[in-house]
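Observations on chain architecture
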Amino acid sequence: AQSVTQLGSHVSVSEGALVLLRCNYSSSVPPYLFWYVQYPNQGLQLLLKYTTGATLVKGINGFEAEFKKSETSFHLTKPSAHMSDAAEYFCAVSVKRGSYIPTFGRGTSLIVHP
Amino acid sequence: NAGVTQTPKFQVLKTGQSMTLQCAQDMNHNSMYWYRQDPGMGLRLIYYSASEGTTDKGEVPNGYNVSRLNKREFSLRLESAAPSQTSVYFCASSEATTASGNTIYFGEGSWLTVV
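Overview of the structure. (Residues numbered from 1 in each chain as written. Chains lettered and ligands numbered in written order. Predicted model: local features only at pLDDT ≥ 70, side-chain atom pairs only at ≥ 80, totals over all residues. Heavy atoms only, no water.)

Turning our attention to the sheet that holds strand β3 (residues 19-26) of chain A. Remark on secondary structure: sheet strands pair via backbone hydrogen bonds, oriented parallel or antiparallel. All names here are of chain A. Strand order in the open sheet formed by five strands is β1-β3-β8-β7-β6, with antiparallel pairing between adjacent strands. Only two strands of the sheet have a single partner each, and these edge strands are β1 (3-7) and β6 (56-58). On average, each strand axis in the sheet is inclined to that of its neighbour by 20°, with strand direction left out of account. (Pairing = 2+ DSSP bridges. Helix = DSSP H or I, 4+ residues; strand = E, 2+ residues; numbered from the N terminus. Axes fitted to C-alpha atoms, helices over the stretch in contact; angles between N-to-C directions.)

All names here are of chain B. This model, assessed by the stated rule, comprises six salt bridges over all chains. Residue D38 is joined to R36 by a salt bridge in which the shortest nitrogen-to-oxygen separation is 2.8 Å. Per residue, the accessibility class of D38 equals that of R36, and both read buried. When the shortest N-O distance is used, the salt bridge between D38 and R44 registers 2.8 Å. In terms of burial, D38 and R44 fall into one category: buried. Sharing partners across several salt bridges, the network here consists of R36, D38 and R44. (Salt bridge = Lys/Arg side-chain N within 4 Å of Asp/Glu carboxyl O. Buried < 20%, exposed > 50% of the residue type's maximum accessible area, 1.4 Å probe, protein only.)

It is worth spelling out the interface of chain A and chain B at this point. Every contact between the two is made by 20 residues of chain A and, on the other side, 23 residues of chain B. Carbon and sulfur atoms make up 61% of the surface buried where chain A meets chain B, a total of about 1,700 Å² over both sides. Linking chain A to chain B there are zero salt bridges. The interface formed by chain A and chain B holds four residue pairs in polar contact (both at pLDDT 80 or more) in total. (Contact = heavy atoms within 4.5 Å. Buried area = accessible area lost by both parts, 1.4 Å probe. Polar contact = N/O pair within 3.5 Å; in protein donor to acceptor, adjacent residues only side chain to side chain.)

Turning to the sheet that holds strand β7 (residues 64-68) of chain B, a few remarks are in order. All names here are of chain B. What the four strands build is an open sheet, ordered β1-β3-β8-β7; its pairing is antiparallel. Two strands close off the open sheet at either side, each with one partner strand: β1 (4-7) and β7. Adjacent strand axes in the sheet meet at a mean angle of 15° when their direction is disregarded. With five bridges connecting them, β7 and strand β8 (residues 74-78) associate as antiparallel partners. When the sheet's bridge partners are listed, S67 is paired in β8 with S75.

Now the structure itself:
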């Protein structure tokens, strides 16, 4: 079965600093990978996803993630954090196993300091 | 531009009471889902409906029932609420569970407290 591990339940950065949120997955078949963002008191919305093709995926709000098969990773980055980036971020993985229902990680809370 | 709409947004229940969470989507999606979100646990799938007329258990189905009323609507029922069911519940939908790169679209959540 597929699984995903997000390293660090909380990540704190200063405004303008690099954002790096880590995600590692486990899958015996090629995975589809997602990052979702959840702003306070809201539902989740898709930030970006990797299906096939280019391993560097660009998403909304300046975020990007790189699929590294050799490292089984899909880390999320943004060069310069903004206060509005403060939110909960979820990594998810899905594989072909009858259906493509994704499995979500436990989430990483991004805190941005002025 | 409603997307996924769920009601109620907030609810307080006494132990043993029953209630139904309602969900509707206007994106003509085939598949619908109910998740619960608890601190430190991420999102866990309760039930899903791959298509109209079908429902299946997810990771944490105990204590819940669902009904896929039609293509648009998918309800979640708590027959006898327990404090362990205090959580934030999210309804979601997607084009199809069989679609590669299946993107899930979420509602805004329902905060349920069982006392």
